[in-house]
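Observations on the model geometry
So you can see what is in the structure, the chains are spelled out below.
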Amino acid sequence: MTKEIVEAVGVLEREKGISADRLMAALEDALLSAYKKTPEAAKYARVEVDRDSGDFRVYELILPPDLEEQLLDEVEEEAGEPTVDPETGEMVYPEPPEIDQERLMQYRDQIEEHDVTPEDFGRIAAQTAKQVILQRIREAERDMMFTEYQDRVGELITGIVQQSDSRYTLVQLRERVEALLPRGEQVHGERYDHGQRIKAIITDVSNQAKGPSIIVSRRSPELIRALFELEVPEIADGLVEIQNVAREPGYRSK
C-alpha cells in the first residue's frame, strides 16, 4: 500500500465531501477481506492502516477460550433457528456463526495481538482495496444524493428526457442523477422526446439498493402552483396566495 492512496483519499474528501475516516475504514475492511483469502490466514484478524503513510499491518487476534465461546454463543443465538424452505420442504440452516470486527473490538483489552502481515500481500491488497474503495465511494455518493433529494419533495425541478417507453420516462436532473416519470404521472397526449426539457414536481424519494429512487409528476396540482410562483412575482413574494388548485391534466386547471 502506498501513500498515493492516502493522498487520493484526501482529494476525495476535499472534492466530493466524503469523509476520509469512512474511506480509510473501507480500506481496512478491503484489506481484511483480501487477507482472509490468503492461505493459512489467521482465524481472527484485523488490519490497521497508517493514516499518514498508507502502510498497513495485519494483526492476528488471539482470544481467550472462554471469551471466544461466549462470543460464538452470542452470534449463534442471533443467527436464529433453522427454517423450512416452503418450496422444497428442506431444512435451511443459518450460515456458520462468525464474530464481526465491531464485536471483537469491544473486548480488545482481553485479546492478544501478533503482527502476521504477509510479505507478498501488498499487490493483491492494493488491487482489492481500490475496488472496494470505489464501491464505497459510489455508496457514499448515493447516500449524499438521497439526503439531498429527500428534503426536496414537492419542489419544482427541470430535467432532460433521456428515454421513454410504455412504463415510464427517464429524466436526467443533473450528472448521474435521474428521476422516473411513471406513466400514471404523465399528462395524456404529451410527448416526451429525447433531449426535451420538462418541468415536474418531485413526489417521492426512497433509498433503494441501487441508489435513491426519485419519482416526479407532471399531473400533480402542485405543478401548477409551482409554475405560477415561478412566473408571477406577486405569488413568489407572497403578496398573492394560491389557496387551492383543481386540475384535469392536459385539459384545464382552476
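Residues numbered from 1 in each chain as written. Predicted model: local features only at pLDDT ≥ 70, side-chain atom pairs only at ≥ 80, totals over all residues. Heavy atoms only, no water.

**Let's talk about the overall build of the protein chain**
Scanning the protein chain from terminus to terminus reveals 7 helices and 12 strands. Put simply, the protein chain has 254 residues, and 34% of those count as buried. Sequence-distant contacts in the protein chain: of pairs separated by 6 or more residues, those separated by 24 or more amount to 60%. Put simply, the protein chain shows about 16,400 Å² of open surface, and 47% of that area lies on carbon and sulfur atoms. (Helix = DSSP H or I, 4+ residues; strand = E, 2+ residues; numbered from the N terminus. Buried < 20%, exposed > 50% of the residue type's maximum accessible area, 1.4 Å probe, protein only. Contact = heavy atoms within 4.5 Å. Areas by Shrake-Rupley, 256 points an atom, 1.4 Å probe, with all protein chains shown as cover.)

**Re helix 5 (residues 122-150)**
Spanning 29 residues, helix 5 covers 41 Å between terminal C-alpha atoms, matching the ideal 42 Å at 1.5 Å per step. For helix 5, every residue scored as buried is listed here: A125, A126, A129, I133, I137, A140, E141, M145, F146 and Y149. (Expected span 1.5 Å × (residues − 1).)

**Structural notes on the pairing of strand 1 (residues 45-49)**
Counting buried positions over the 5 residues of strand 1 gives 4, a clear majority of the element. Bridge count for strand 1 against strand 2 (residues 56-62) is 5 bridges, and the pairing is antiparallel. Opposite R46, over in strand 2, you have Y59 as the bridge partner. Here strand 1 folds back onto strand 2, and the loop between the two strands holds 6 residues, one of which, G54, carries a positive phi near 85 degrees. (Pairing = 2+ DSSP bridges.)

**What to know about the pairing of strand 8 (residues 177-182)**
Residues of strand 8 alternate between two faces, with V177, A179 and L181 buried on one and E178, L180 and P182 left unburied on the opposite face. Direction of pairing for strand 7 (residues 168-174) relative to strand 8: antiparallel, over a ladder of 6 bridges. Bridge assignment links Q172 to a residue of strand 8, and that residue is E178. Counting the residues between successive antiparallel strands, the hairpin from strand 7 to strand 8 contains 2 residues, one of them, R176, with a positive phi of roughly 65 degrees.

**Some details on the confidence of the model for the protein chain**
Of all residues in the protein chain, 85% attain a pLDDT of 70 or more, and the chain-wide mean is 80. Ranking the elements of the protein chain by mean pLDDT puts strand 12 (residues 252-253) last with 60 and strand 5 (residues 112-115) first with 92. (pLDDT = per-residue confidence, 0-100.)

**Focus: the sheet that holds strand 1**
Hydrogen bonds between backbone groups are what pair the strands of a sheet, and the pairing can be parallel or antiparallel. Across the sheet, which stays open at both edges, the 3 strands sit in the order 1-2-5 with antiparallel pairing between neighbours. The open sheet terminates on both sides in strands that have one partner only, identified here as strand 1 and strand 5. Between one strand and the next, the sheet's axes are offset by a mean angle of 35 degrees, whatever the strand orientation. Sheet contacts for helix 2 (residues 20-36): strand 1 and strand 2; angle to strand 1, the most-contacted strand, approximately 135 degrees. (Axes fitted to C-alpha atoms, helices over the stretch in contact; angles between N-to-C directions.)

**Details of the packing of helix 2 against helix 5**
The geometry of helix 2 relative to helix 5 is characterised by a closest axis approach of 8 Å and an angle of 140 degrees between their N-to-C directions. Taken together, the axes of helix 2 and helix 5 lie oblique to each other. In terms of crossing hand, the pair formed by helix 2 and helix 5 is right-handed. From helix 2, R22, L23, A26, L27, D29, A30, L31 and A34 reach across to helix 5, where they touch A125, T128, A129, V132, I133, R136, I137, E139, A140 and D143. Considered class by class, the residues forming the contact of helix 2 with helix 5 number 12 nonpolar, 1 polar and 5 charged. (Parallel < 35°, antiparallel > 145°, perpendicular 65-115°, else oblique. Left-handed = near helix turned anticlockwise from the far one by under 90°. Nonpolar A, V, L, I, M, F, W, Y, C, P; charged D, E, K, R; others polar.)

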